Amino acid sequence: MKIFKFKIANISVVGLALTLGVILITSQSLRAQQMICCQMQPQQITTTSFFTDPNFMAAHESPMPFEYKSEHGKFVTFKTATGADARGFLIKSSHKTHKVLLVFQEWWGVNGYIQLEAERLQKKLGNVDVMAVDLYDGEVAKNADEASKLVNGVKAERLREIIQGAIDHFGTGHTFETLGWCFGGGWSLQAAIMAGEKCTGCVIYYGATETDPAKLAKLHAPVLGMYGTLDKWLTPTVTATFDSAMQAAGKTLTLKSFAADHAFANPSNPHYNAEAKTEADLLAVEFLKAHL
């Protein structure tokens, strides 16, 4: 593994116990969902040049049906600035807290796998409310064709309304962190920018980057970005450009590189890399804990 840049002091490996929730997932849930998606910038989300690419779509095997039975999570509805409803899958802490982690889906939607990951993160982080923000307004793709249509059909304006509605849903006095995979990784970064000083940490799993100085100027949270060197879309060149833009903006970026392909953290993906996922998940949780 190559480390491009590392600004967090004393990140510790907390042991195999931290990953038991992932390792012990049933074989059905391991195959349940596939987390390959997009590298497009969020502002490009309505274009079709990438999401309708036959080679890209052919890499997306249809996910196996998987309904997650949550212990504590449930879908909640909240209002956006336009008055329209939006929703998210919320797992509340057993104790009152003003700390929130916003989780962002890959291109399949807030399916059972995302719900499982959101609840896993809540258990690892402890006294934190976790919401998987539904960027598709209840739609979930069953195959690559459906996912392509959904991701090409959403509008950036609506996504920003949903994210702002989720932030407002928790009221004043709350602080936020964000985390997402691929499509959701890009929106994890955009949500961190939108939350401004309220956001204390942002995690990106192989998601779209941002190089606009005006947008990065609004970012206050440190960012942990994790990418695969074999990724054909979010290449080392792309992430190096992101690193340079963050440095120029005076922002804190920890950029981790793994000898892995795109979507390496998804157990049902043909390019799944168990070693890389284990380390990435450990670093993500440790990073989030350090900045809550």
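These notes cover the structure that comes with them.

The rules behind the values
Residues numbered from 1 in each chain as written. Predicted model: local features only at pLDDT ≥ 70, side-chain atom pairs only at ≥ 80, totals over all residues. Heavy atoms only, no water. Helix = DSSP H or I, 4+ residues; strand = E, 2+ residues; numbered from the N terminus. Buried < 20%, exposed > 50% of the residue type's maximum accessible area, 1.4 Å probe, protein only. Contact = heavy atoms within 4.5 Å. Areas by Shrake-Rupley, 256 points an atom, 1.4 Å probe, with all protein chains shown as cover. Salt bridge = Lys/Arg side-chain N within 4 Å of Asp/Glu carboxyl O. Expected span 1.5 Å × (residues − 1). Axes fitted to C-alpha atoms, helices over the stretch in contact; angles between N-to-C directions. Parallel < 35°, antiparallel > 145°, perpendicular 65-115°, else oblique. Left-handed = near helix turned anticlockwise from the far one by under 90°. Polar contact = N/O pair within 3.5 Å; in protein donor to acceptor, adjacent residues only side chain to side chain.

1. Observations concerning the overall build of the protein
Thought 1: On a plain count of helices and strands, the protein comes out with ten helices and nine strands.
Thought 2: Counting every position in the protein, which comprises 292 residues, the buried fraction comes to 57%.
Thought 3: When contacts within the protein are restricted to residue pairs at least 6 apart in sequence, long-range pairs at least 24 apart make up 74% of them.
Thought 4: With the model as given, the accessible surface of the protein reaches about 11800 Å², and the carbon-plus-sulfur share is 54%.

2. Overview of the pattern of salt bridges
Thought 1: The full count for this structure, using the stated rule, is twelve salt bridges.
Thought 2: We note a salt bridge from lysine 123 to glutamate 71, for which the minimum N-O separation is 2.8 Å. In this pair, lysine 123 sits in helix α4 (residues 112–125) while glutamate 71 sits in the loop between α3 (54–58) and β2 (74–79), placing the two residues 52 residues apart along the sequence.
Thought 3: Relative accessible area serves as the criterion here: at 47%, lysine 123 is assigned to the partly exposed category.
Thought 4: One salt bridge in this structure joins aspartate 134 and arginine 87, with 2.7 Å as the shortest N-O distance. Taken together, the positions of aspartate 134 in the loop between β5 (129–133) and α5 (144–153) and arginine 87 in strand β3 (residues 85–91) put the pair 47 residues apart, joining distant regions of the chain.
Thought 5: Among the charged side chains, a salt-bridge network with shared partners connects Glu117, Arg120, Lys277 and Asp281.

3. As for helix α6 (residues 156–169)
Thought 1: A rise of 1.5 Å per residue sets the reference length of α6, with its 14 residues, at 20 Å; its end C-alpha atoms lie 20 Å apart and thus fit the reference within 8%.
Thought 2: Looking at α6, one finds that the buried residues are Ala156, Arg158, Leu159, Ile162, Ile163, Gly165, Ala166 and Ile167.
Thought 3: Positive backbone phi, approximately 80 degrees, marks glycine 171, located one or two places after α6.

4. Looking at the packing of α6 against helix α7 (residues 183–195)
Thought 1: Remark: α6 packs on α7, axes separated minimally by 11 Å, with the N-to-C direction vectors making an angle of 60 degrees. By the angle between their axes, α6 is oblique relative to α7. For the pair α6 and α7, the sense of crossing is right-handed. Counting all contacts with α6, which are made through Ala156, Leu159, Arg160, Ile163, Gln164 and Ile167, the residues of α7 involved are Phe183, Trp187, Gln190, Ala191, Met194 and Ala195.

5. Focus on unusual backbone geometry
Thought 1: Despite not being glycine, cysteine 182 shows a phi value in the positive range, around 55 degrees.
Thought 2: Taking relative accessible area as the criterion, cysteine 182 reaches 1% and is therefore assigned buried.
Thought 3: You will see that tyrosine 206, though not glycine, has its phi angle at about 35 degrees, which is positive.
Thought 4: Inspection of the secondary structure puts tyrosine 206 in the loop between β7 (199–205) and α8 (213–216).
Thought 5: You can call tyrosine 206 buried: its relative accessible area is 0%.

6. Here we look at the side chain of aspartate 134
Thought 1: According to the relative accessible area criterion, aspartate 134 is buried, its value standing at 1%.
Thought 2: Among the polar contacts listed, one links the side chain of aspartate 134 to the side chain of arginine 87, at a separation of 2.7 Å.
Thought 3: Polar side-chain contacts of aspartate 134 include one of 3.2 Å to the backbone nitrogen of aspartate 137.
Thought 4: When near neighbours in sequence (up to four residues on either side) are disregarded, aspartate 134 contacts Arg87, Gly88, Gln105, Val110 and Ile162.

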